[in-house]
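These are the residues of each chain, in order.
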Amino acid sequence: MSVVRPFAPGGDYRWKDVELLRYKTDGSVPFKDVTRQVLFDDPSIAAQLRYFEVSPGGYSTLERHEHAHAVLILRGRGRVLVGSEVHAVGQNDLVSIPSLTWHQFRPAAGESLGFLCMVNSERDRPQLPSAEDLAGLRRDPKIAAFLDA
Ligand code: MN
């Protein structure tokens, strides 16, 4: 593997010799129009750095898990649900997603939203909201509006 892998060799949001992957391999998990690139995956660090990109009109999975996420927005603008708050985010904003906190990323209309996400290589599987969890989230009108956008 090269020490330096140039950015955007073909003009798109890719890194040289980094494979463009499906966001998730489990087809039963809800999401729309998201890709994944694993930028660093080194057992000696025990962390992975991934780049996710959500296309216009797409969204990441609404989920929570014990592991935390450290996120840096790299491309575009959008909104993120973290717990009970919806935040507008844009390029270079940092987002910390605490343990066991519901979260979802959605791009602004007509834009792609790309972000780096650092995680522990050993991590628990995401939990999806139950019908009861969803009903609870939707009781807050701003969260309902976010989920229906
Ligand atoms: Mn997550």
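Structural data are supplied above this passage.
Residues numbered from 1 in each chain as written. Predicted model: local features only at pLDDT ≥ 70, side-chain atom pairs only at ≥ 80, totals over all residues. Heavy atoms only, no water.

You can see Ala70 is positioned in strand 4 (residues 69-75). Classification of Ala70 by relative accessible area gives partly exposed; the value is 34%. Other than its neighbours up to four places away in sequence, Ala70 contacts Val95, Leu116, Cys117 and Met118. (Helix = DSSP H or I, 4+ residues; strand = E, 2+ residues; numbered from the N terminus. Buried < 20%, exposed > 50% of the residue type's maximum accessible area, 1.4 Å probe, protein only. Contact = heavy atoms within 4.5 Å.)

Another aspect to go through is the coordination of the manganese ion. Of the protein atoms, only Glu63 (OE), His65 (NE2), His69 (NE2) and His103 (NE2) coordinate the manganese ion, at distances of 2.0 to 2.3 Å. As a motif over one chain, the donors of the manganese ion read E-x1-H-x3-H-x33-H. (Donors = N, O, S within 2.8 Å, 3.2 Å for Na, K, Ca; no water.)

Here strand 2 (residues 32-42) runs beside strand 3 (residues 47-59); their pairing, made up of nine bridges, is antiparallel. Across the sheet, residue Lys32 finds its bridge partner in strand 3, namely Tyr59. Counted between consecutive antiparallel strands, the loop separating strand 2 from strand 3 contains four residues, among which Ala46 sits at a positive phi close to 65°. Pairing geometry for strand 3 and strand 9 (residues 113-120), over eight bridges, is antiparallel. Pairing of Val54 across the sheet is with Leu113, part of strand 9. (Pairing = 2+ DSSP bridges.)

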